[in-house]
Amino acid sequence: MIRSLAIILTFQLIGEITSRGLGLPLPGPVVGLIAMVAAFILRPDLAQAIRPTATGLLAHLSLFFVPAGVGIVAHWDLLREQGLGLAAALTGSTVLAIAAGAWAFTAVARLTGSEERAALRDQGRE
């Protein structure tokens, strides 16, 4: 398990160094994740070595929300003062993210020509 965690954290470190060193607009962990996926494609045995640890982490993913809960309790006064604005920002950004995802999906479906004929008929576009 220690070896697997060391490999995962090494890829995160590589991502941080690459992102900051090259001034990329992507966060370091995302760059590290992309590098790790590339390494898994090139060396499938590496993916098999990390699989048990990754599965264990994913099984207990809810534990990663504990620090967020502690942060809410620790900043309760600020949340009480700014809660309405935070709720509006969260709701608005969620709606915009869903709309952007739907728009991107539709655009890609049109570009690739993978729209279903039945759906087009239902919308009166065929």
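What counts, and at which threshold
- Residues numbered from 1 in each chain as written.
- Predicted model: local features only at pLDDT ≥ 70, side-chain atom pairs only at ≥ 80, totals over all residues.
- Heavy atoms only, no water.
- Core = buried A, V, L, I, M, F, W, Y, C linked by side-chain atoms within 4.5 Å.
- Buried < 20%, exposed > 50% of the residue type's maximum accessible area, 1.4 Å probe, protein only.
- Helix = DSSP H or I, 4+ residues; strand = E, 2+ residues; numbered from the N terminus.
- Contact = heavy atoms within 4.5 Å.
- Expected span 1.5 Å × (residues − 1).
- Bend = angle between axes of the 7 residues up to and from the residue.
- Axes fitted to C-alpha atoms, helices over the stretch in contact; angles between N-to-C directions.
- Nonpolar A, V, L, I, M, F, W, Y, C, P; charged D, E, K, R; others polar.

Engineer: Would you take a moment to explain the nonpolar core for this structure?
Structural biologist: Most often, soluble globular proteins have nonpolar side chains that are buried together. One finds Ile7, Phe11, Met36, Ala39, Leu46 and Ile50 forming the largest nonpolar core, which totals 6 residues. Looking at this core, the elements that each hand over two or more residues are helix H1 (2-22), helix H2 (28-42) and helix H3 (44-59). Among all residues touching Met36, those that are not within four sequence positions of it are Ile8 and Phe11.

Engineer: Help me understand H3 in this model?
Structural biologist: Since the α-helix advances by 3.6 residues per turn, residues separated by three or four positions end up pointing in the same direction. Spanning 16 residues, H3 covers 22 Å between terminal C-alpha atoms, matching the ideal 22 Å at 1.5 Å per step. Along its length, H3 shows its largest kink, about 45°, at Arg51, and proline Pro52 lies within four residues downstream of that point. Residues of H3 that are buried include every one of Leu46, Ala47, Ile50 and Thr53, and no others. In this fold, the buried residues of H3 make contact with H1 and H2.

Engineer: I would appreciate a short explanation of the side chain of Ser19 in the present structure.
Structural biologist: With respect to the helices and strands, Ser19 occurs in helix H1. The class of Ser19 is buried, set by a relative accessible area of 7%. Not counting the four nearest positions on each side in its chain, Ser19 is found in contact with Leu24, Leu26, Pro27, Gly28 and Val31.

Engineer: Explanation requested: the packing of H2 against H3 in the structure shown.
Structural biologist: For any two helices packed against each other, the geometry is given by the interaxial angle and the distance between the axes. Put simply, H2 and H3 touch, their axes get as near as 5 Å, and they point 115° apart. Between H2 and H3, the residues in contact are Ala39, Phe40, Ile41 and Leu42 and Pro44, Leu46, Ala47 and Ile50, respectively. Of the residues in the contact of H2 with H3, the class split is 8 nonpolar, no polar and no charged.

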